[in-house]
Amino acid sequence: MKKISLLALTICLIFTACNPDENIIGKNNKVENDLVTKNEESKNLEKLYNEIVELSKSNTECTGDWEFVAVGSKPCGEPEKYIPYSLKINVTDFLAKVTTYNSQQNDFNEKWNITSTCVVTPKPISVDCVNGKPTLLYESDKFEEEQNLKRMYNEIITLSTNNDSCTGNWYFTAIGATSCGGPESYIPYSLQINTTEFLSKVSIYNNTKMAFNNKWKITSICTIAPKPESAKCINGKATLLYESDRVLEKQDLKKMYDEIIAISSSSTSCDGDWNFTAIGLKPCGGPEKYIPYSLQINTVEFLNKVNLYNIAEMEFNEKWNISSNCDLVTKPKSVVCVNGKATLVYN
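Predicted model, so just to flag it, every value in this text is computed and none were measured. (Residues numbered from 1 in each chain as written. Predicted model: local features only at pLDDT ≥ 70, side-chain atom pairs only at ≥ 80, totals over all residues. Heavy atoms only, no water.)

1. Quick notes on the state of the cysteines
- As enumerated under the stated definition, the model contains six disulfides in all.
- Through a disulfide, Cys270 is tied to Cys337; the S-S separation comes to 1.8 Å. The disulfide joining Cys270 to Cys337 has a torsion of about -100° about its S-S bond and is therefore left-handed. Placement of the pair is Cys270 in the loop between α6 (243-264) and β9 (274-281) and Cys337 in strand β11 (residues 334-338), with a sequence separation of 67 residues.
- On the basis of relative accessible area, Cys270 is assigned to the buried category, the value being 11%.
- Here Cys284 pairs with Cys326 through a disulfide, and the sulfurs are 2.1 Å apart. Here Cys326 lies in the loop between α7 (299-319) and β11 and Cys284 lies in the loop between β9 and β10 (287-294), a separation of 42 residues in the sequence.
- Looking at Cys284, the relative accessible area reads 40%, which means it is partly exposed. (Disulfide = S-S within 2.5 Å. Helix = DSSP H or I, 4+ residues; strand = E, 2+ residues; numbered from the N terminus. Buried < 20%, exposed > 50% of the residue type's maximum accessible area, 1.4 Å probe, protein only.)

Structure follows, in structure tokens:
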């Protein structure tokens, strides 16, 4: 009886353990269930992503300010992409959805052993509306536009000169645009070139630079570039002339003049012999005035200083386009002492 029971048990165990169909069916069921779950989770992720994209584009007019955000999570780290979004939407809700999506995709990747390339997704630096569409802007794009601006600028500088010759008349123009308004600088240009073509290129450059500043949100120091008074050839080079330079040069002339007057009257008495000399030069020719000087001083040194002053004033007049009346100054006949003071005599 025991043998019969043992035999029956053995036969039962053999049939139970050696039924391969049941094992395969069980495994297949698990795979199918996992696939269904994976597909459902993938669809949920896709749905959430589509909601995010729709929210980001809800400002259909592409107006106002925009920002960008990383969306998605690669298995090896790094975001899958970046997308722009309008700051006119509910930014808090939008970014919360993005955070949820990134977290869920990261969990999905770990759970299902997802693999992908580990190429780093380039990060934008800003967003701009291009042709009515929010567009991500990258450093490489900015660099290319900077190079284009540099080429335009160099072409303008080359055109501004007259084959490196500093002859003829010159003028100046504003060039560039700061982010807070106003030109970046001023440059001289020869009036012997095609000024219409030249100034057209300057205008195009200025507009392009302004658009560049706005597009890339360029900031700069808002110091106002001083406007020149004129442009002249000085020592063979086209040079911009500024009011501050004119004032300093005028002060230098006054110092020279005051020194000459001090030397001319350095004699402690009005005794002895005196003479007179022309001093200063009017823009249209002729001296500005005559002054007496004692023959008791070092006349050679004195007259040399007068000559240097006259030359300096003539150069000043030419450089700054100084104008004046062209009345002739009457030349004295002699110098006499009147009440102890050297006085010019005209009769």
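2. Some remarks on the environment of Ala225
- Relative to the elements of secondary structure, Ala225 occurs in the loop between α5 (195-215) and β7 (230-234).
- Spatially, the C-alpha atoms of Ala225 and Lys289 are 39 Å apart, while their sequence positions differ by 64 residues.
- Apart from residues lying up to four places away in sequence, Ala225 is in contact with Pro183, Glu184, Ser185 and Tyr186. (Contact = heavy atoms within 4.5 Å.)

3. Notes on the pairing of strand β2 (residues 81-86)
- Among the six residues that make up β2, five are buried, leaving the element largely enclosed by the rest of the structure.
- The sheet contact formed by strand β1 (residues 66-71) and β2 spans six bridges and is antiparallel. Looking across to β2, one finds that Val69 is bridged to Ile83. (Pairing = 2+ DSSP bridges.)

4. Describing the packing of helix α4 (residues 139-160) against α5
- Between α4 and α5, the least distance of the axes is 10 Å, while the angle of their chain directions is 160°. In terms of orientation, α4 lies roughly antiparallel with respect to α5. Read as a crossing pair, α4 and α5 show a hand that is left-handed. Contact residues: α4 offers Lys142, Glu145, Glu146, Leu149, Met152, Tyr153, Glu155, Ile156, Leu159 and Ser160, while α5 offers Phe198, Lys201, Val202, Ile204, Tyr205, Thr208, Lys209, Phe212 and Lys215.
- Here the contact of α4 with α5 is composed, by residue class, of 10 nonpolar, two polar and seven charged. (Axes fitted to C-alpha atoms, helices over the stretch in contact; angles between N-to-C directions. Parallel < 35°, antiparallel > 145°, perpendicular 65-115°, else oblique. Left-handed = near helix turned anticlockwise from the far one by under 90°. Nonpolar A, V, L, I, M, F, W, Y, C, P; charged D, E, K, R; others polar.)

5. Notes on the nonpolar core
- Core analysis: the biggest nonpolar cluster contains 15 residues, and Ile52, Val69, Val71, Ile83, Phe94, Val98 and Tyr101 have the highest contact counts within it.
- Counting only elements with at least two residues in this core, the list comes to α2 (20-56), β1, β2 and α3 (91-111).
- For this core, the element with the most residues is α2, which contributes five residues.
- Not counting chain neighbours up to four residues away, the residues in contact with Val69 comprise Lys81, Tyr82, Ile83, Tyr85, Phe94, Leu95 and Val98. (Core = buried A, V, L, I, M, F, W, Y, C linked by side-chain atoms within 4.5 Å.)

Shape descriptors only; they carry no functional weight alone.
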